[in-house]
Amino acid sequence: VGLLLEELAREYPGRALGLELANCHRITDTHVLGITAISSETTLAALRRLSQYQALVSTQEPLQIVENSDTVTIIKSAVQTAPAEHVIQSFLFAVLLTAVREISGFSGDIVSVSFTGKPMGEEAAYRQIFGPRVAFSAKQASMVFPRNVLEKPISTSNVDILTRNEPMLASDRKSTRLNFSH
């Protein structure tokens, strides 16, 4: 994947590829994981589930969630070379922010978002999606939400889906670990 993304970045310089790809993706495109996440009680619970079961849909390092009294920070470890990593970071954060907005109704600005690389394309494209507090060339990729937004109950919450899907995800996660270790 990294080599393909690097080639795309060379082929289309000046385009915010991660942001463009995110326009074509919704959290439910991850099937059972996405549906289970949006069935959570709160958006924070949905983000915890996505982080917990991320290995089912991605070979990337797991997302780290750091919870403080006023904020929740999602951290994405850099595992690819600069152009590919930037595409992945911007794609992932745009998809997550879109999901948070859709399931929580949050329409305000996030606290901040930081990318490890330089912008691909115009910085204005990033600000249009993430709001005014966008940083580049940071030490780590992170997106910070106001905690109170993520703790509100969400309208897509469904305990029946959680009850049915959570054991299936846990089982798939165990078998995925076994398959990767060979």
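That block above? That's the structure.
Residues numbered from 1 in each chain as written. Predicted model: local features only at pLDDT ≥ 70, side-chain atom pairs only at ≥ 80, totals over all residues. Heavy atoms only, no water.

### A closer look at the overall build of the protein chain
Along its length, the protein chain carries 8 helices and 5 strands. Across the 182 residues that make up the protein chain, the buried fraction comes to 46%. Considering only contacts within the protein chain whose residues lie at least 6 apart along the sequence, 67% involve residues at least 24 apart. A total of about 9700 Å² of accessible surface is found on the protein chain, and carbon and sulfur atoms cover 53% of it. (Helix = DSSP H or I, 4+ residues; strand = E, 2+ residues; numbered from the N terminus. Buried < 20%, exposed > 50% of the residue type's maximum accessible area, 1.4 Å probe, protein only. Contact = heavy atoms within 4.5 Å. Areas by Shrake-Rupley, 256 points an atom, 1.4 Å probe, with all protein chains shown as cover.)

### Points about helix α5 (residues 82-104)
Here α5 spans 32 Å end to end across 23 residues, near enough to the 33 Å set by a 1.5 Å rise per residue. Directly beyond the C-terminal end of α5, a positive phi value near 80 degrees is found at Gly105. (Expected span 1.5 Å × (residues − 1).)

### Considering the environment of Met143
Along the polypeptide, Met143 turns up in strand β5 (residues 141-146). The buried category is assigned to Met143, whose relative accessible area is 0%. For the pair Met143 and Ala94, spaced 49 residues apart in the sequence, the C-alpha separation amounts to 9.8 Å. Apart from the residues lying within four places of it in its own chain, the contact partners of Met143 are Val72, Thr73, Ile74, Phe93, Leu96, Leu97, Ile110, Ser112, Val113 and Phe130.

### A look at the packing of helix α4 (residues 43-52) against α5
Packed helix pairs are characterised by how far apart their axes lie and by the angle those axes make with each other. Look at α4 against α5: their axes get within 10 Å of each other, and the N-to-C directions meet at 145 degrees. For the pair α4 and α5, the sense of crossing is right-handed. Touching Thr43, Ala46, Leu47 and Leu50 of α4 are Leu96, Val100, Ile103 and Ser104, all from α5. Looking at the contact of α4 with α5 residue by residue, the class counts come to 6 nonpolar, 2 polar and no charged. (Axes fitted to C-alpha atoms, helices over the stretch in contact; angles between N-to-C directions. Left-handed = near helix turned anticlockwise from the far one by under 90°. Nonpolar A, V, L, I, M, F, W, Y, C, P; charged D, E, K, R; others polar.)

### Points about the nonpolar core
Leu96, Tyr126, Phe130 and Met143 are the most contacted members of the largest nonpolar core, which has 46 residues in total. Here this core gets 12 residues from one element, more than from any other, and that element is α5. (Core = buried A, V, L, I, M, F, W, Y, C linked by side-chain atoms within 4.5 Å.)

### Observations regarding the packing of α5 against helix α6 (residues 123-130)
Where α5 meets α6, the axes come as close as 10 Å, and the angle between the chain directions of the two elements is 25 degrees. Considering their axes alone, α5 and α6 lie roughly parallel with respect to each other. Mapping the contact onto sequence places His86, Ser90, Phe93, Ala94, Leu97 and Arg101 in α5 and Tyr126, Ile129 and Phe130 in α6. Class assignment for the residues of the contact of α5 with α6 results in 6 nonpolar, 2 polar and 1 charged. (Parallel < 35°, antiparallel > 145°, perpendicular 65-115°, else oblique.)

### Quick look at the packing of aromatic side chains
According to the stated counting rule, one finds 5 aromatic pairs in the structure shown. The interplanar angle of 65 degrees and the centroid separation of 5.6 Å between the aromatic rings of Phe115 and Tyr126 together place this pair among those described as edge-to-face. Placement of the pair is Phe115 in the loop between β3 (112-114) and α6 and Tyr126 in helix α6, with a sequence separation of 11 residues. Phe115 sits in the buried class, given a relative accessible area of 0%. On the basis of relative accessible area, Tyr126 is assigned to the buried category, the value being 1%. With centroids separated by 5.6 Å and ring planes inclined at 65 degrees, the aromatic side chains of Phe115 and Phe130 adopt a geometry described as edge-to-face. (Phe/Tyr/Trp six-rings, centres within 6.5 Å; stacked < 30°, edge-to-face > 60°.)

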